[in-house]
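So you can see what is in the structure, the chains are spelled out below.
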Amino acid sequence: MAYDLLIKGGILVDPAQNLHERKDVAFSQGSVAAVENNISPNESRETVQADGHLVTPGLIDLHVHVFPGVSHFGIDPDTTCLSRGATTVVDAGSAGADTFPGFRKYVIEISDTRILAQLNISSQGMLSADIGEFEIPEYANVEKALAMIEDNRDLILGIKVRLTRGSIVSERSGMTPLHKAREAADAAGLPIMIHPQDAWCDSIDDILNVMKRGDILTHCYHGSRCGIMDGGGRIRDSVFDALERGIVFDVGHGAGSFNWKTVESAMEQGVLPTSISSDLHIYNVDGPVYDLASVVTKFLHLGMSLDDALSRVTNVPADIIHMPGQIGTLAPGSWGDAVVFELRTGTYQLDDSSGESRTGSHRLVPLMVIKSGSVYRNHNQAIDDRN
Ligand SMILES: [Zn+2]
């Protein structure tokens, strides 16, 4: 038997290969073995019929929080990410240098979801809803972060820093954590990921000024202070400059960071997201985010083509985290992650994170997920049956 698993009859949408056509995909020993017009079921131990459905690479979510039981934001990765189509996720700062060993041992190594991480420059990470990670300024610790990165280069992709003033992040550290994050990232040769809203500065210009090519501005369409627009609703010059310099503009929808008016106006003015991510955590997994596919759905509503939207959760994030050809594609030899989606049509309420809604006509529903050649079926129908 040549193959372990065959997905037959679906429409393969794989932006990395510029493919959007009916193709069969076969898996062997955990990897993609063949993509052809017609592969016989006789050649495979198991065959899944995907007629009328979409077959995509496993999705990559660059911003989630999956350290349950330690970080107050944490949710279980396998039921909220993997089973919903995100086979690879990047935890965005739930763990810092003091808590990363536990994150590695008790979550990353035992989960089926492929989990990578941005290490919080706060050694505590995001532990408590009552006391922010920079409440004690010394928590922003460059030496500890660097030591942890050296021991975990296989998993840590960069440094995360949140800059919101107030008790949830920082009452008294000001912009110091940003500069500590820059220092650690530069010393480690890694990028930083920044959560900019309501920071201790006059405008986002002060944040973009310290960002370099490959750094990630997440929550790029938030509607709070330190957003990408000026007071008159025009995209700031510093934003166009940052895009030109190769800074990644990442969606990071979250519970407070996706604003319909902001995203609609920004896209009209030519600011499209580089990558689409969910910022999925305990405070938004039951709405308005639900899962990464539901965020992709919102960009279909905004007029983005299916291929362009899927590119931002497959090959583009794979490039950003330096794993092209391994994940985010179904090219032969890649790591064997796929999703069978139904693109449902109907009338769907699409809520942003500030209480506004739009009415969409499509929804991407994951029917089946394949990770490293193994099948995971969708067990969370309630999400898909909502209006
Ligand atoms: Zn987050």
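All figures in this text were calculated on a predicted structure; none of them were measured in a lab.

A.B. asks: So what exactly am I meant to see when it comes to the pairing of strand β5 (residues 31-36) here?
C.D. replies: For a regular strand, side chains alternate in direction, first toward one face of the sheet and then toward the other. Pairing between strand β4 (residues 24-28) and β5: five bridges, direction antiparallel. Within β5, the position partnered with F27 by the bridge is V32. From the end of β4 to the start of β5, which pair antiparallel, there are two residues, and Q29 there has a positive phi angle of about 50 degrees.

A.B. asks: Explain the domain arrangement of the protein chain to me, please; I cannot follow it from the model alone.
C.D. replies: Interfaces are often sized by the amount of accessible area the parts lose when they come together. For the protein chain, the domain assignment lists domain 1 (3-56 + 333-343 + 364-385) and domain 2 (58-320). Taking only C-alpha atoms, the centre of domain 1 and the centre of domain 2 are 29 Å apart. Across the boundary between the two partners, domain 1 contributes 24 residues, which contact 23 residues of domain 2. At the junction of domain 1 and domain 2, the tally comes to one salt bridge. Note that D337 and R114 form a salt bridge whose closest N and O atoms lie 2.6 Å from each other. There are six residue pairs in polar contact (both at pLDDT 80 or more) connecting domain 1 and domain 2. When residues of the side of domain 1 that touches domain 2 are traced back to their parent elements, those giving at least two are β3 (19-22), β7 (54-57), β15 (338-351), β16 (357-371) and α11 (381-385). Considering each element in turn, the side of domain 1 that touches domain 2 owes the most residues, five residues, to β16.

A.B. asks: Teacher, can you tell me more about the coordination of the zinc ion here?
C.D. replies: Perfect tetrahedral coordination of a metal by four donors corresponds to 109.5 degrees between them, and perfect octahedral coordination by six donors corresponds to 90 or 180 degrees. Note on the zinc ion: its protein donors are H63 (NE2), H65 (NE2) and D279 (OD). The metal-donor distances range over 2.0 to 2.3 Å. Considered as a linear motif, the donors of the zinc ion on their single chain read H-x1-H-x213-D.

A.B. asks: Honestly, the pairing of β15 in this entry has me stumped. Any pointers?
C.D. replies: Alignment of β7 against β15, held across four bridges, turns out to be antiparallel. Paired with V55 across the strands is V340, a residue of β15. In textbook terms, the turn of a hairpin is the stretch between consecutive antiparallel strands, and for β15 and β16 this stretch comprises five residues, one of which, G355, has a positive phi near 90 degrees.

A.B. asks: Before we go on, may I ask you to explain the packing of helix α3 (residues 142-151) against helix α4 (residues 176-188) in this structure?
C.D. replies: Between two packed helices, what matters for the description is the angle formed by their axes and the separation of those axes. At a minimum axis separation of 9 Å, α3 and α4 run at an interaxial angle of 35 degrees. In the packing of α3 onto α4, the handedness of the crossing is right-handed. Where α3 abuts α4, its residues V142, L146 and I149 lie against K180, E183, A184, A187 and A188. When grouped by side-chain class, the residues that make up the contact of α3 with α4 number six nonpolar, no polar and two charged.

A.B. asks: What's the story with the nonpolar core in this structure? I'm lost.
C.D. replies: Soluble, globular proteins show a tendency: their nonpolar side chains are buried together. The biggest cluster of nonpolar side chains holds 103 residues, and the ones touching the most others in it are F100, F103, I228 and F299. With six residues, helix α8 (residues 292-301) is the single largest residue contributor to this core. Counting only domains with at least three residues in this core, you end up with domain 1 (3-56 + 333-343 + 364-385) and domain 2 (58-320). Not counting the four nearest positions on each side in its chain, I228 is found in contact with I204, C220, Y221, R234, I235, R236, V239, F249, A266 and V271. Among the nonpolar cores identified, the runner-up in size contains 16 residues, and I7, F27, V32 and L330 belong to it.

A.B. asks: Could you clarify how one ought to interpret the sheet that holds strand β1 (residues 3-8) in this entry?
C.D. replies: Paired through backbone hydrogen bonds, the strands of a sheet run either parallel or antiparallel to each other. Reading across from one edge, β5-β4-β1-β6 is the order of the four strands in this open sheet, with mixed pairing throughout. Of all the strands in the sheet, the pair left with one neighbour each is β5 and β6 (44-49). Pairwise comparison of adjacent strand axes, ignoring direction, gives a mean angle of 20 degrees for this sheet. Where β1 lies against β6, five bridges are found, and the strand directions are parallel. For L5, the partnering residue across the bridge sits in β6 and is E46.

So, how was this worked out
Residues numbered from 1 in each chain as written. Predicted model: local features only at pLDDT ≥ 70, side-chain atom pairs only at ≥ 80, totals over all residues. Heavy atoms only, no water. Pairing = 2+ DSSP bridges. Helix = DSSP H or I, 4+ residues; strand = E, 2+ residues; numbered from the N terminus. Domains from an automatic or database assignment. Contact = heavy atoms within 4.5 Å. Salt bridge = Lys/Arg side-chain N within 4 Å of Asp/Glu carboxyl O. Polar contact = N/O pair within 3.5 Å; in protein donor to acceptor, adjacent residues only side chain to side chain. Donors = N, O, S within 2.8 Å, 3.2 Å for Na, K, Ca; no water. Axes fitted to C-alpha atoms, helices over the stretch in contact; angles between N-to-C directions. Left-handed = near helix turned anticlockwise from the far one by under 90°. Nonpolar A, V, L, I, M, F, W, Y, C, P; charged D, E, K, R; others polar. Core = buried A, V, L, I, M, F, W, Y, C linked by side-chain atoms within 4.5 Å. Buried < 20%, exposed > 50% of the residue type's maximum accessible area, 1.4 Å probe, protein only.

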